[in-house]
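# Chains, contacts and geometry: an overview
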Amino acid sequence: MSPLRLTDRFPLHYRQSAVPPTSKLLTTPIGTDANDIASVVFAEVASVAAIDLHTHLLPPSHGALCCWGIDELLTYHYLVAEYFITAPADITPTLFYAKTKREQADIVWKALFIDRSPISEACRGIITTLVAFGLADEVQARDLGAIRGFYSAFRAKGLSGSEEFCSVVYRTAGVRYAIMTNVPFDANEAQHWRPKRKEYPCQFRSALRVDPLLAGDRRTIETALKGSGYDCTLEGARRYVRDWCDTTRPEYLMASTPHNFVLQDGKGTLAGVKKDGVNEDALQQPFAFTDVMTPDANCATNCDGEDDAAASIIDENSDFLSEVLMKVCEERDLPLALKIGAHRGVNAELQQAGDGVVAFADGGVLARLCSRFPKVRFLATFLSMNNQHEACVLASKFSNLHIYGCWWFCNNPSMIETITKMRIEMLGTAFTAQHSDARVMDQLVYKWSHSRAVIATVLAKEYHKMIESGWTPTRGEIRRDVERLFGGSYEEFMSKSLI
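Residues numbered from 1 in each chain as written. Predicted model: local features only at pLDDT ≥ 70, side-chain atom pairs only at ≥ 80, totals over all residues. Heavy atoms only, no water.

## Brief notes about the packing of helix α9 (residues 159-173) against helix α18 (residues 443-469)
- Put simply, α9 and α18 touch, their axes get as near as 9 Å, and they point 0° apart. Judged by the inter-axis angle, α9 sits roughly parallel to α18. Of α18, the residues touching α9 (which contributes Val 169, Tyr 170, Thr 172 and Ala 173) are Leu 444, Val 445, Trp 448 and Arg 452.
- Residues of the contact of α9 with α18, tallied by class, amount to 6 nonpolar, 1 polar and 1 charged. (Axes fitted to C-alpha atoms, helices over the stretch in contact; angles between N-to-C directions. Helix = DSSP H or I, 4+ residues; strand = E, 2+ residues; numbered from the N terminus. Parallel < 35°, antiparallel > 145°, perpendicular 65-115°, else oblique. Contact = heavy atoms within 4.5 Å. Nonpolar A, V, L, I, M, F, W, Y, C, P; charged D, E, K, R; others polar.)

In C-alpha cells, the structure reads:
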C-alpha cells in the first residue's frame, strides 16, 4: 500500500458529482492506494449537499434583516475584533461604531487587506467568497469599488435581486437548506410572522429561541404574556410557546447558554433549588426576550452580533424549564438545541466583537438534562476546545443527545481538524460535522468550502487506517458516510421520536 500523500485542498468548493447514483462505480471497492482513497473522499465531500443546522440567516422577504454584501462581510465582528488588535490609539471603538457601515468597511479593508495580508481565517474567508463569485481579478487588483459594484447590480433589482443573490449563494455553497434562528420576541422580526406569516423559500427552516424559559426570567416572560393577552400562569406560558410554534413551525427550540450556566440535580422540578448562574446583563442585550412585544418597542437590529448577542441565563428557583419548556418539547416532540460556553462582554467596549470564551463550561448540564428529560432530544455544541472530549463521551452515553458543528472560535481549520478526528474516532458517523453559524448570507460560501477541505482531509486519513486494518469500503459506502456527516445524521436523529 502506498503511503498517504495529502495536500490541503483549500478551498474545496461544492460541485455536482460526476458519478450518478446508478453508477456501478458505487458498488466497487475503492482499492488500497492512499491517493486513490483521497481522490474519492475529496470528490464525495465536494459533491454532498449540506444541511446547515444552525445559522442566523433570514430570507429576503424579511427585508433589512436579510444581511448580505461586502460591507456586511467586512464589518462582521470577527474582522472588527481583528482590526482593533492593531488599531491606532486614536481610533476608539466608540469612534469606530459612530461611523457609517461603509466607512467602517473602508477602515477594515485598508487595515486588514491592504496594510496587511488577509491571512487570518476570517479575512481569507472573504477572499474565498469573492473569488467563488467570479471576482478574482477585482480581488487581485485590491479594487473594493469594483467589488461593491458586483453587489450593487443585485441590490438595484430590489427584492428580486436579493432573492437572486440568495440563490447564487446557496448554489455556490452547496447547501440544501439552512436553519434560521428566529426571535419573534423582537418586534422587528415579529412583524414578519404576525399577524400573517410571510412565506419564504424552502431553503430556510425555522428554529425558535427560548432563552428566557431556560433562564426562568419571570419578569420578561410575564411582560410578553401580558402584552399578547395570555394569562400569567404556567399554562399561559405553555400556550404562548405553543402558539409561536404553530406560527414559526420550528425544527427545534434553542438557547445559547453563558459561561455560568448551572443546572442542579433534581427529579424533574426546579422548585426549591438554590438560584445560581444568573447573568443580569444578558437581559439588556439585543435580541433578548425583553419588552419588545410592547407596541412602542424599538429594538435595533444589525448583522454584527455572533450567535446570540443575548446569552441565556438560568434561575433555578423557577419551574419554567421543567413545567413549560420541557412540557412543550415533549408535547410537540421538539428537540432543544443548546450552545454552551460563551463569555459575553469580555471587552464590553468592543460591543459584539468583545465576547470571549470560558475555559471550561459545565458539560455536566448535558448529562443532567438528558437524564432528567429522557423523552426530549437535545442538540448541543460547545465553544471551548476543552469541552469537546467530554461532549463526545456524553454523546456516546445518551441516545437523546446529538453533537454538532464547530462553533465560533472553534470554527478554524486547525480546530475543525482536531475536533472532527476525535469525533470520528469516538462516534463514527453519529454526529454532524459542521454548521456555519452564518449571519451574513455570503458567509455560507467560505465556511462550507473551508470546512469541506478540512473534513475531507481527516476522512481520507481515517479511511486509509480502516483499509489498512482490513476493511475496504465501496464508493457508495463512502458517499453514505459523507452524507451522514453533512446532515444525514441530523435528520436521522430528528426522525427518532422518544415519546
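This is not the end of the story, as more comes after the structure.
## A closer look at the side chain of Asn 182
- Mapped onto the elements, Asn 182 comes out in the loop between β2 (175-179) and α10 (187-190).
- Overall, Asn 182 belongs to the buried group, its relative accessible area being 0%.
- Only 2.9 Å separates the side chain of Asn 182 from the side chain of Glu 189, close enough to count as a polar contact.
- If sequence neighbours within four positions are ignored, Asn 182 has contacts with Leu 58, Glu 189, Trp 193, Ser 206, Ala 207, Leu 208 and Arg 209. (Buried < 20%, exposed > 50% of the residue type's maximum accessible area, 1.4 Å probe, protein only. Polar contact = N/O pair within 3.5 Å; in protein donor to acceptor, adjacent residues only side chain to side chain.)

## Concerning unusual backbone geometry
- The omega torsion across Arg 194 and Pro 195 is 10°, close enough to zero to call that bond cis.
- Non-glycine residue Asp 333 carries a positive phi angle of around 55°.
- With respect to the helices and strands, Asp 333 occurs in the loop between α14 (320-332) and β6 (336-343).
- In this structure, Trp 408 takes a positive phi of about 55° despite not being glycine.
- Structurally, Trp 408 can be placed in the loop between β9 (401-403) and α17 (413-427).
- The exposure class of Trp 408 is buried, given its relative accessible area of 3%.

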